[in-house]
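Observations on the three-dimensional arrangement
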Amino acid sequence: MLLEVAGLSRSFGRLRVIEDLSLSVQPGEVLGIIGPNGAGKSTLFNLIAGVLPPTAGTIRLSGRDITGLPPWDRCRLGIGRTYQVPRPFAHMSVFENVLVAAVHGSRASLRQGRRRAEAVLALAGLAAQQARTAGALTLLDLKRLELCKALAVAPKLLLLDEIAGGLTEPECATLIGIVRRAQTPDMAVVWIEHVVQTLRRIATRLAVLHDGGVLAEGAPDAVLANSRVQDVYLGTEGR
Amino acid sequence: MLRSQSPRVVAGRAVLVAGMLMLAVAPWVFGLGTISVLTEFLTMLVLALMWNLLAGYADVVTVGQHAFVGIGAYAFYGFAALAQIRPPAAILLAGLVALALALPAMAIVFRLRAMYLAIGTWVVAELFMLVAGKLSAFGGGSGVSLPLPVLRALGARPAERFIVVYWLALVLAATAFFSTWLLLRSRVGIGLMAMRDNEEGAGAVGVDLVRARMLCFLWTAPFLGLAGAIATLQKLRISPAASFSIIDYTVFVIFNVVIGGVGSLEGPVLGTILFFVLREYLSDFGTWHLMLLGALSIAVILIEPRGLWGLIRRRLARDLVPVSHHGSRL
Ligand SMILES: Nc1ncnc2c1ncn2[C@@H]1O[C@H](COP(=O)(O)OP(=O)(O)OP(=O)(O)O)[C@@H](O)[C@H]1O
Ligand SMILES: [Mg+2]
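The sections below set out a description of the structure shown in this document. Every value quoted in this text rests on a predicted model; they were computed, and no experiment measured them. (Residues numbered from 1 in each chain as written. Chains lettered and ligands numbered in written order. Predicted model: local features only at pLDDT ≥ 70, side-chain atom pairs only at ≥ 80, totals over all residues. Heavy atoms only, no water.)

**Observations regarding the interface of chain A and chain B**
- The interface is formed by 31 residues belonging to chain A together with 28 residues belonging to chain B.
- A buried area of about 2400 Å², summed over both sides, lies between chain A and chain B, and 62% of it is on carbon and sulfur atoms.
- Counting across the chain A and chain B interface gives one salt bridge.
- The shortest N-O distance in the salt bridge between Arg87 of chain A and Glu200 of chain B comes to 3.3 Å.
- Here chain A and chain B share 13 residue pairs in polar contact (both at pLDDT 80 or more) between them.
- When contributions to the side of chain A that touches chain B are tallied by element, the ones reaching two or more residues are helix H2 (71–77), helix H3 (94–105) and helix H4 (110–124) of chain A.
- Counting residues per element, the side of chain A that touches chain B draws most heavily on H3 of chain A, which supplies eight residues.
- Tallied by class, the residues present in the side of chain A that touches chain B amount to 18 nonpolar, six polar and seven charged. (Contact = heavy atoms within 4.5 Å. Buried area = accessible area lost by both parts, 1.4 Å probe. Salt bridge = Lys/Arg side-chain N within 4 Å of Asp/Glu carboxyl O. Polar contact = N/O pair within 3.5 Å; in protein donor to acceptor, adjacent residues only side chain to side chain. Helix = DSSP H or I, 4+ residues; strand = E, 2+ residues; numbered from the N terminus. Nonpolar A, V, L, I, M, F, W, Y, C, P; charged D, E, K, R; others polar.)

Below, the structure is given as structure tokens:
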């Protein structure tokens, strides 16, 4: 098992966002995560990536307990993540943004990192923008830059937080193509998205987050057909 | 390096290079009064470069940097005056002592973050100063002058000594500038720049924030110690209040870097130049100078957080001192 989350909880003050959540991810799969606004999806990523400490529970990566490790160690062990609200290195060029990730995330030299960054930018179709200052990018390009940074660390587990929001249909198709091409057989993708149609096309499995836990999970079509899911999520959100 | 497209960048670099050349020939061009001011400028420049590295890149906002300047001063006195080691070697040893004492200081200070870290650095600096005041061999609370033999080892006459101290300061400042530049261009440096722009984002792509902060802290300490030794050679005495002066070695330095521009190599240089220009042209120096610089810092932060250099940089195609890894190599 690549990722094993067991009994994970996290509260902010009295607000219990994640409660006793358990989840596993296998190499090669694409796990889609949906859930209403504020369900705790991004919080789950922050817990897995090590930005937030959990109030309870353990997180294992390839069998190793990483619950106490800082984000950079988790990154170097193979967790690449994007932020829902992009966090560019605003005064650096697009290329340098990806280079930092390549050099530090995959423990490469500057030379190796350069090659890796070039490859990732080419794959994601951002090569033409590489000389621009990251702070000057549009939101869509910033999201693509987030993806490039996450890929540059050579992840085994790729965490994508709403990178398709606001994309047109063809752009979505392109994005799915990029993720497919980037995914190696030993790599898993966990992808949070509100647009269920996007996830349906790439996810091998779907999990619905609700009330701090996993409400339903399984094959995408079966999960979407689940009446409880339709009630609490699709019904209220009207998607 | 001058192959760059923009005439403004070429002009800026020409100014920079001209300034460096001017410093390199200064002893043959200027009188002793100017040489003395330039020596002080070079020492302050080292302090500015170091504070900028720590606060501008590694987010270690220290207000206790004067601790290592004072440690360098006292260590230099100990080696040169008490142990009678030749001054050049004593200066280097003073840098090493600062580095060694940075380890326990770091162990205390790095348990804290943000506001608390700043307060922690100040408390640690005060502690070092209190200890220095208790050392009777170092003149206790009132300090002591450098004995004549130490000075004679630098040169027979005061005029010669001025020049020697100037060269020492120039070598130190050049080393500080170029090594910090190389650091920023390195693998570590690109991580530091990412930290400057977005700390959490840097951690998420694998930049070890703790190690980077420690490295910067240990990087700055010996330079601060060396600067303290050279400041002592210029002031010709040590004392707890003057050698550990928070106003001279921390507050002014912070103002200079903030006004010049945090998080760039050019900013500290610009800020330090401005500091000396203002000081030379404002006759009634003292409290007013401090207040003026304080007000200026606040004004600059409100207009452009990245200082005067941030304002200038917007009109330039690239950095004058290139730290980028993109486009042409330099
Ligand atoms: N650092 C924090 N401090 C306090 N509260 C937080 C913090 N992070 C998240 N929350 C709260 O936790 C809840 C879950 O937030 P989270 O961002 O994980 O939701 P989400 O499922 O990603 O929502 P969305 O679909 O809108 O992105 C929200 O009520 C949010 O306000
Ligand atoms: Mg979210």
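Okay, back to it.
**Structural notes on the site of ligand 1**
Residues and elements named next belong to chain A.
- With respect to spatial proximity, 14 residues lie near ligand 1, and among them Lys41, Ser42, Thr43, Gln84 and His194 are the closest.
- The backbone of Gly40 places a nitrogen or oxygen atom 2.9 Å from an oxygen atom of ligand 1.
- At a separation of 3.5 Å, an oxygen atom of ligand 1 approaches a polar side-chain atom of Glu162.
- In isolation ligand 1 exposes 630 Å². Once the protein is present, 61% of that is buried.
- Elements with a contribution of two residues or more to the shell around ligand 1: strand S2 (15–25) and helix H1 (41–49). (Near = heavy atom within 4 Å. Areas by Shrake-Rupley, 256 points an atom, 1.4 Å probe, with all protein chains shown as cover.)

**Re the side chain of Glu162 of chain A**
Residues and elements named next belong to chain A.
- Along the chain, Glu162 falls in the loop between strand S7 (157–161) and helix H6 (169–182).
- Lys41 is the oppositely charged side chain nearest to the buried, salt-bridge-free Glu162, at an N-O distance of 4.7 Å.
- There is a polar contact of 3.3 Å between the side chain of Glu162 and the side chain of His194.
- For Glu162, the contacting residues outside a window of four places in its chain are Lys41, Gln84, Lys143, Ile192, Glu193 and His194. (Buried < 20%, exposed > 50% of the residue type's maximum accessible area, 1.4 Å probe, protein only. Lys, Arg positive; Asp, Glu negative; His and termini not counted.)

**Side note on the packing of aromatic side chains**
All names here are of chain B.
- What the rule picks out here adds up to 13 aromatic pairs over all chains.
- Residues Trp28 and Trp167 carry aromatic rings whose centres are separated by 5.7 Å and whose planes lie at 55° to one another, so their mutual orientation is tilted. Of the two residues, Trp28 sits in helix H1 (residues 7–29) while Trp167 sits in helix H7 (residues 158–185), which places them 139 residues apart along the sequence.
- Seen in terms of ring centroids, Phe110 and Phe217 are 5.3 Å apart; in terms of plane orientation they differ by 70°. Their pairing is edge-to-face. Of the two residues, Phe110 sits in the loop between helix H4 (87–109) and helix H5 (114–134) while Phe217 sits in helix H10 (residues 209–235), which places them 107 residues apart along the sequence.
- On the accessibility criterion, Phe110 (22% relative accessible area) is partly exposed. (Phe/Tyr/Trp six-rings, centres within 6.5 Å; stacked < 30°, edge-to-face > 60°.)

**Points about a nonpolar patch on the surface**
- On the surface, Met115, Tyr116, Ile119, Trp122, Val123, Leu127 and Leu130 of chain B cluster together into a nonpolar patch covering about 750 Å² of accessible area.
- Inspection of the secondary structure puts Trp122 of chain B in helix H5. (Patch = residues over 30% accessible without salt bridge, like charges linked within 9 Å, V, L, I, M, F, W, Y side chains within 5 Å.)

**So, the environment of Ile230 of chain B**
All names here are of chain B.
- With respect to the helices, strands and loops of the structure, Ile230 is situated in helix H10.
- The class of Ile230 is buried, set by a relative accessible area of 3%.
- C-alpha of Ile230 to C-alpha of Val10: the two residues are 220 residues apart in sequence and 34 Å apart in space.

**Digging into empty space enclosed by the protein**
Residues and elements named next belong to chain B.
- Counted according to the given criterion, the structure contains four cavities of 30 Å³ or more.
- In terms of lining residues, the largest cavity is bounded by 14 residues, among which Thr62, Gly64, Phe68, Thr121 and Phe217 are the most central.
- Counting residues per element, the ones that place at least two in the lining of the largest cavity are helix H3 (66–82), H4, H5 and H10.
- The residue makeup of the lining of the largest cavity, split by class, is nine nonpolar, five polar and no charged.
- Estimated volume of the second largest cavity: approximately 70 Å³. (1 Å grid on protein atoms, 1.4 Å probe; cavity = no way out; pocket = protein on both sides within 12 Å on 5 of 7 lines; lining within 4 Å. Points joined across faces, edges and corners; volume = space filled by probe spheres on them.)

**Some points on the coordination of the magnesium ion (ligand 2)**
Residues and elements named next belong to chain A.
- The coordination sphere of the magnesium ion (ligand 2), as far as protein atoms go, consists of Ser42 (OG) and Gln84 (OE1), spread over 2.0 Å. Of this pair, Ser42 sits in helix H1 while Gln84 sits in the loop between strand S6 (79–81) and H3, placing them 42 residues apart in sequence.
- By relative accessible area, Ser42 is classed as partly exposed at 22%. (Donors = N, O, S within 2.8 Å, 3.2 Å for Na, K, Ca; no water.)

**Points about the sheet that holds strand S3 (residues 30–34) of chain A**
Residues and elements named next belong to chain A.
- Here we have six strands laid out as an open sheet, ordered S6-S7-S8-S3-S9-S10, and mixed in their pairing. Either end of the sheet is taken by a strand with one partner, and the two such strands are S6 and strand S10 (213–218). Neighbour-to-neighbour, the strand axes of the sheet open up by a mean angle of 20°, direction not taken into account.
- Strand contacts of H1: S3, S6, S7, strand S8 (188–192) and strand S9 (205–210), with the helix running at about 150° to S7, the strand carrying the most contacts. (Pairing = 2+ DSSP bridges. Axes fitted to C-alpha atoms, helices over the stretch in contact; angles between N-to-C directions.)

**Brief notes about the nonpolar core**
- Counting residues in each nonpolar core, the largest one holds 153 residues, and the members touching the most others are Trp191 of chain A together with Phe68, Phe76 and Leu192 of chain B.
- Here this core gets 16 residues from one element, more than from any other, and that element is helix H2 (residues 32–57) of chain B.
- Leaving out residues up to four positions away in the same chain, Phe68 of chain B has contacts with Ala98, Leu101, Ala102, Ala105, Phe217, Ala221, Leu224 and Gly225 of chain B.
- Formed by 29 residues, the second largest nonpolar core is a distinct cluster that contains Val17, Leu23, Leu47 and Leu157 of chain A. (Core = buried A, V, L, I, M, F, W, Y, C linked by side-chain atoms within 4.5 Å.)

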